[in-house]
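Chain by chain, the residues run as shown.
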Amino acid sequence: MNDALELVKKLRTFLPVESVLHETEDVRPYECDGLSAYRQTPMIVALPRTEDEVAEILKVCHALKIPAVARGAGTGLSGGALPHPQGMLLSLAKLKSILGIDAAARTARVQPGVRNLAISEAAAPYGLYYAPDPSSQIACSIGGNVAENSGGVHCLKYGLTVHNILKLRVLTIEGELLEIGSDGLDAPGYDLLALMTGSEGMLGIVTEVTVKLTPRPEKAQVVLAAFEDIRDAGNAVANVIGAGIIPAGMEMMDRITTGAVEEYVHAGYNTEAAAILLCESDGAEEEVAEEIERIDEIMRQSGATEVRISRDEAERVRFWAGRKAAFPAAGRVSPDYYCMDGTIPRKNLASVLAGIEALSAEYGLRCMNVFHAGDGNLHPLILYDASHPGELELTEEFGAKILRMCIEAGGTITGEHGVGIEKINQMCSQFKTGELEMFHAVKAAFDPESLLNPGKAIPTLRRCAEQGAMHVHRGKEKFPQLPRF
Amino acid sequence: MQEIIDQLAASIRAAAAANAPLCIRSGGTKDFYGQQDKGRDGAGGSILDPSAYAGIVDYEPTELVVTARAGTRLGQLETELNGRGQMLAFEPPHFGAAATLGGCIATGLSGPRRASAGAVRDFVLGVRMLDGRGDDLSFGGQVMKNVAGYDISRLMAGSLGTLGLLLEVSLKVLPLPAEERTLRLSMSEAEAVEMMNRWAGKPLPVSATCFCDGELTVRLSGATSAVRAARAVLGGEEITEETSFWESIREQAHPFFRSGKQLWRLSIKSTTAPLSLPGKQLIEWGGALRWLSVDAGMDNEAVQALVRKTARDVGGHATLFRSRTPAAAVFHPLPPAMMNIHRRLKEKFDPMRIFNPGRLYPEL
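Keep in mind that this is a model prediction, so the values were computed, not measured.

Chemist: Can you break down the overall build of chain B residue by residue, with the values?
Modeler: Scanning chain B from N- to C-terminus turns up eleven helices and 17 strands. In terms of overall dimensions, chain B is globule-like: its C-alpha atoms have a radius of gyration of 21 Å, near the 21 Å expected for 364 residues. Taking the principal axes of the C-alpha coordinates as reference, chain B spans close to 65 × 55 × 35 Å. Buried residues in chain B amount to 62% of all 364 residues. Of the accessible surface of chain B, which amounts to about 12,600 Å², a share of 51% is contributed by carbon and sulfur atoms. For chain B, the centre of its 41 positive side-chain charges and the centre of its 39 negative side-chain charges are spaced 4 Å apart.

Chemist: Could you give an account of the overall build of chain A, with specific residues and numbers?
Modeler: Scanning chain A for helices and strands turns up 17 helices and 18 strands. The C-alpha atoms of chain A give 23 Å as radius of gyration, which agrees with the globular expectation for 485 residues (23 Å, within 12%). Out of the 485 residues in chain A, the part that is buried amounts to 61%. Put simply, of all contacts in chain A between residues at least 6 apart along the chain, 71% involve residues at least 24 apart. Total accessible area on chain A is roughly 17,800 Å²; 50% of this is exposed by carbon and sulfur atoms.

Chemist: Explain the UniProt feature "domain: FAD-binding PCMH-type" (unreviewed entry) in chain A to me, and be specific about the residues and the numbers.
Modeler: When the UniProt feature table is mapped onto this chain numbering, "domain: FAD-binding PCMH-type" (unreviewed entry) sits at residues 38-216 of chain A. Span residues 38-216 of chain A is 21% helix and 25% strand, its end C-alpha atoms 39 Å apart.

Chemist: Explain the state of the cysteines to me, using residue names and the numbers behind them.
Modeler: Note: disulfide means a covalent bond formed between the sulfur atoms of two cysteine side chains. Considering all chains together, one arrives at one disulfide over all chains under this definition. Across the disulfide from Cys428 of chain A sits Cys464 of chain A; the S-S distance is 2.0 Å. Between Cys428 of chain A and Cys464 of chain A the sulfur-sulfur dihedral comes to about -80°; the bridge is accordingly left-handed. Of this pair, Cys428 of chain A sits in helix H15 (residues 424-430) while Cys464 of chain A sits in helix H17 (residues 461-467), placing them 36 residues apart in sequence. No disulfide involves Cys279 of chain A; its sulfur sits 14 Å from the nearest other cysteine sulfur, which is in Cys155 of chain A. With no disulfide partner, Cys212 of chain B has as its closest neighbouring cysteine sulfur the one in Cys210 of chain B, 6.0 Å distant. In this structure Cys212 of chain B comes out as buried when scored by relative accessible area, which is 9%.

Chemist: Give me the lowdown on the interface of chain A and chain B, citing residues and values where you can.
Modeler: Listed by partner, the interface residues are 88 residues for chain A and 79 residues for chain B. Residue Asp375 of chain A is joined to Lys145 of chain B by a salt bridge in which the shortest nitrogen-to-oxygen separation is 3.9 Å. Viewed at the interface, chain B and chain A are joined by 30 residue pairs in polar contact (both at pLDDT 80 or more). Residue assignment for the side of chain A that touches chain B shows that the elements contributing at least two residues are helix H6 (155-158), strand S9 (177-181), helix H7 (192-196), helix H8 (230-242), helix H10 (285-301), H15 and helix H16 (433-446) of chain A.

Chemist: Which residues make up the domain arrangement of chain A, and what are the values?
Modeler: Entries for chain A in the domain assignment read domain 1 (2-91), domain 2 (101-215), domain 3 (219-328) and domain 4 (334-467). On a C-alpha basis, the centroid separation for the pair domain 1 of chain A and domain 3 of chain A is 44 Å.

Chemist: Could you give an account of helix H8 (residues 224-234) of chain B, with specific residues and numbers?
Modeler: Residues of H8 of chain B that are buried include every one of Ser225, Ala226, Val227, Ala230 and Leu234 of chain B, and no others. Among the residues trailing H8 of chain B, Gly235 of chain B stands out with phi positive, at a value near 75°.

Chemist: An account of the sheet that holds strand S12 (residues 215-222) of chain B is requested, with residue identities and associated values reported.
Modeler: Residues and elements named next belong to chain B. Pairing is antiparallel across the open sheet formed by eight strands, whose spatial order is S13-S10-S12-S11-S15-S16-S14-S17. The sheet is open, and its two edges are formed by strand S13 (237-238) and strand S17 (317-322), each paired on a single side. In this structure, strand S10 (residues 179-186) lies alongside S12, joined through eight bridges in antiparallel fashion. Residue pairing for S12: Arg181 is matched across the bridge by Leu220. Running at roughly 155° to S12, H8 makes contact with S10, strand S11 (206-212), S12 and S13 of the sheet.

Chemist: Can you lay out the nonpolar core for me, pointing to particular residues and giving the numbers?
Modeler: In this structure, Leu168, Leu192, Met299 and Phe446 of chain A together with Ile105, Leu171 and Leu345 of chain B are the most contacted members of the largest nonpolar core, which totals 160 residues. Residue contributions to this core peak at seven residues, all from H16 of chain A. Those residues in contact with Met299 of chain A, other than ones at most four positions away along the chain, are Val223, Ala225, Phe227, Ala236, Val240, Leu277, Cys279, Ala304 and Val307 of chain A. Ala4, Val20, Ile66 and Leu95 of chain A belong to the second-largest nonpolar core, a separate cluster that totals 26 residues.

Chemist: Explain the confidence of the model for chain A to me, using residue names and the numbers behind them.
Modeler: Counting all residues, the mean pLDDT for chain A is 93, and 96% of those residues have values of 70 or more. In the predicted structure, residues 473-485 of chain A sits below a pLDDT of 50 and forms 30 contacts with residues beyond four places in sequence or in another chain.

Chemist: Please set out the packing of aromatic side chains residue by residue, giving values where relevant.
Modeler: Working definition: an aromatic ring pair is given by the centre-to-centre distance plus the angle between the planes. On inspection of all chains with the given rule, the structure shows 18 aromatic pairs over all chains. Plain terms: the ring middles of Phe439 of chain A and Phe139 of chain B are 5.3 Å apart, the flat faces sit at 65° to each other, and that makes the pair edge-to-face. Taken together, the residues Phe439 of chain A in helix H16 and Phe139 of chain B in strand S7 (residues 136-140) connect one chain to another. For the pair formed by Phe439 of chain A and Phe139 of chain B, the shared burial category is buried. Plain terms: the ring middles of Phe439 of chain A and Tyr150 of chain B are 5.9 Å apart, the flat faces sit at 80° to each other, and that makes the pair edge-to-face. Here the residue Phe439 of chain A occupies a position in helix H16, and Tyr150 of chain B occupies one in the loop between S7 and helix H6 (152-156), the pair thus bridging two chains. We note that Phe439 of chain A, like Tyr150 of chain B, is buried. Within the aromatic cluster, the residues linked to one another by ring pairs are Phe32, Tyr33, Phe95, Phe256, Phe257, Trp291, Phe321, Phe331 and Tyr361 of chain B.

Chemist: With reference to specific residues and values, describe the packing of helix H9 (residues 255-265) of chain A against helix H12 (residues 326-333) of chain A.
Modeler: All names here are of chain A. Running from N to C, H9 and H12 point in directions that differ by 90°, and their axes come no closer than 9 Å. Classified by the angle their axes make, H9 and H12 are roughly perpendicular. Each of Thr257, Ala260, Val261, Glu263 and Tyr264 in H9 lies in contact with H12, whose residues at this interface are Ala326, Pro328, Ala329, Arg332 and Val333. For the contact of H9 with H12, the class distribution of residues is seven nonpolar, one polar and two charged.

Chemist: Break down the domain arrangement of chain B for me, with residues and values.
Modeler: A common way to report how large an interface is uses the accessible area buried once the components associate. Residues and elements named next belong to chain B. According to the domain assignment, chain B consists of domain 1 (2-175), domain 2 (179-250) and domain 3 (255-322). Spacing between the C-alpha centres of domain 2 and domain 3 amounts to 22 Å. Counting from both sides, the interface comprises twelve residues of domain 2 and, opposite them, 16 residues of domain 3. Each partner contributes to the roughly 1,100 Å² buried at the junction of domain 2 and domain 3, and carbon and sulfur atoms together form 59% of this total. Ranking the residues of domain 2 by area buried against domain 3 places Glu189, Val193 and Ile249 at the top, with a combined share of 38%. At the surface where domain 2 touches domain 3, the tally comes to one salt bridge. A salt bridge links Lys280 to Asp213; its shortest N-O distance comes to 3.8 Å. Counting the contacts that link domain 2 with domain 3 gives three residue pairs in polar contact (both at pLDDT 80 or more). Contributions of two or more residues to the side of domain 2 that touches domain 3 are made by helix H7 (189-200), S11 and helix H9 (242-250). Broken down by element, the residue count for the side of domain 2 that touches domain 3 peaks at five residues, all from H7.

Chemist: Any details on the confidence of the model for chain B? Residues and values, ideally.
Modeler: The pLDDT averaged across chain B works out to 95; a share of 98% of its residues lies at or above 70. Our summary of model confidence lists the complex with pTM equal to 0.95 and ipTM equal to 0.97.

Chemist: Summarise the sheet that holds strand S4 (residues 88-91) of chain A; cite the residues concerned and give the values.
Modeler: Two strands in a sheet stick together by hydrogen bonds in their backbones, pointing the same way (parallel) or opposite ways (antiparallel). Residues and elements named next belong to chain A. Here four strands make up an open sheet; going across it, the order is S1-S2-S4-S3 and the pairing mixed. Pairing within the sheet leaves two strands with one partner each, and these edge strands are strand S1 (20-21) and strand S3 (68-71). Bridging between S3 and S4 involves four bridges; their strand directions are parallel. The residue of S4 that forms the bridge with Ala70 is Leu90. Across the sheet, helix H3 (residues 51-64) touches strand S2 (44-46), S3 and S4, and the angle it forms with S4 is around 165°.

Thresholds, definitions, all that
Residues numbered from 1 in each chain as written. Chains lettered and ligands numbered in written order. Predicted model: local features only at pLDDT ≥ 70, side-chain atom pairs only at ≥ 80, totals over all residues. Heavy atoms only, no water. Helix = DSSP H or I, 4+ residues; strand = E, 2+ residues; numbered from the N terminus. Rg over C-alpha atoms; globule rule 2.2 N^0.38 Å. Buried < 20%, exposed > 50% of the residue type's maximum accessible area, 1.4 Å probe, protein only. Areas by Shrake-Rupley, 256 points an atom, 1.4 Å probe, with all protein chains shown as cover. Lys, Arg positive; Asp, Glu negative; His and termini not counted. Charge placed at Lys NZ, Arg CZ, Asp CG, Glu CD. Contact = heavy atoms within 4.5 Å. UniProt positions renumbered as here; feature names shortened; annotations may be inferred. Disulfide = S-S within 2.5 Å. Salt bridge = Lys/Arg side-chain N within 4 Å of Asp/Glu carboxyl O. Polar contact = N/O pair within 3.5 Å; in protein donor to acceptor, adjacent residues only side chain to side chain. Domains from an automatic or database assignment. Pairing = 2+ DSSP bridges. Axes fitted to C-alpha atoms, helices over the stretch in contact; angles between N-to-C directions. Core = buried A, V, L, I, M, F, W, Y, C linked by side-chain atoms within 4.5 Å. pLDDT = per-residue confidence, 0-100. Phe/Tyr/Trp six-rings, centres within 6.5 Å; stacked < 30°, edge-to-face > 60°. Parallel < 35°, antiparallel > 145°, perpendicular 65-115°, else oblique. Nonpolar A, V, L, I, M, F, W, Y, C, P; charged D, E, K, R; others polar. Buried area = accessible area lost by both parts, 1.4 Å probe.

See the structure below:
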């Protein structure tokens, strides 16, 4: 406690009283992010208003060896912003100005606390928008998007955060400013812009982001297809891509999901179908018309039992409403749900889904599957009730097995939500000792004393040894006898 | 194939033990790029040639992912992809038939399609590499979305072999456009910069731009209907020799690139008005890339300083891309805080500083 008071005193020499919180009731709201199963109150919360204040705060942390955990809007799903008990929670929520939009150059310069959707709203008068659209885009901040390399339903065509940012201002733990990237399309030296993106607040604190803006397509239209067999739906996705089409969005939902969302938003889904696919085309009028016709044909040839094409914008929005409501719908049919985030090569979809179904029966826990089908990113939602003793632990075990299956299928434990605290044990399965050591070395190059978000994303070798995780290396050694091409 | 890796790893360990620099080189098509390094100017260094580690490891067109060994010829890889209706969308320059995938990733150079499709690094999904201790490490993977661990695979793109020896690379690939047309319009440089940016702000299928000698050349790529519609909007004359034209820009065979003594590459904000610099210029990437060809007699330090300052003032950087003066600094100087991070990263990946020392910066 004395540490806390001393720190408060130091911070208040340059921060107003309301920017430094330390009373239990004041710091309580910061005890978790979107992954509420993990909670920890921080020793102190700082709410800087300017880049200079962030730099001063970091200098204090560095001098006193106080861990600092950055937080944006707190919508993250992997516990990346879970506070450190002896540390500072550094909220960037007050840095929320859009500093400028350069319509001619198609860029926006924003502070880290600006909401993802607010950028697109500000760019709308120029016919532009910010393409990555995570489902939390109404609330999530761009700083958090950079920390997690967030995706969204349109990223197969338009890319992830890493593809849509040009420049960052970053403060090191010493409070030193790094300008990473440039106003051009590349920068001299190593690609630190890529390294910072998705680094979960462990290498530096982002204080400004220059994002790329994309011209809004003339038109968008969506095909809604229903399948009696989930394998047919998987093949339909491969067939669309095999035909040379990159859809603007391609989403799959299984029967348990469509049932839950239909009851909630009445999107007009066929709830008898084993799976439904949403496949969107966007671009020029003529282009969309041509592409939609081909997608329609491919869906039918792939065994769709029903194909509907959105007739107008209202219907397109309604078709999407169901997908966007999948998470809240899970919250309606179950007291709690646990969202997983593995990515797999799409060809292994049927076997992974069958595996999840078997695990669901084994654990006696229901599981809804929503899937960014175009890029192989699976979001199984395990439904559970935290008030039943032991059910959360069972759910976590179930989830860990799903992630292990994703690695064995040649995929990864996290496509877009980050490792955070949640998937730190599974990192031991995905990476070899030397690779984990290199991750630690990269962190040390930026933050030698490990003060920025310590204990997240990269497990210590001891942790891996203790849990005895067997290394499964992207399924590489699984079928050595098979010819590869 | 494992024996080749074992041999390469043994060479690295031996070099590390002897503190002897290694120059990573396969086809040698990009020897001209970067600073002269210890490995090449005979300061006890030797060539490390991974070209025997070649071939496509895995390619399934419907997954949009290809994994190939670093020694694979770039031409062979592109032929395989084209045969299945796909491509490397960043349109990399080869600079010779011997170009390999490893060199393509290590130099990080992208071609005419970069402004619309993305750069080399945007398509890198995963790498397998040997670090400066000879350890066999893999980062990233073979899937589109992957945020497990720091993005070391993309960090390798453009690192000029200074962080490790690439063994395998997984790349996202894209379908070949159904239709491509190239148009040519006469206009001034200022008008060209304005038009390129105006078009880029609209949903038009512009896939490449090039301004040189009062002519703006524009390539449209995409669905047949979209290309047809855009052609009507843009106007201009359609050219028939479009494939050879864009190849001449990508491969720097176009007369512009052979005209001077030094070739500078200025990567700047796309809307920057025409730059007033000595020599001739050619513009690509919607205005974001300005090539500057400097004549003999103007390859002096004053001009170098002017070029660097000009690029810096408009939010970009300048690279001395081709030069006949080997001692000149090639890449834009980094501020001290950035150089510190670079030095520390180099130390982590290559503690004995054996890989291509000095090729990116003298400090690395």
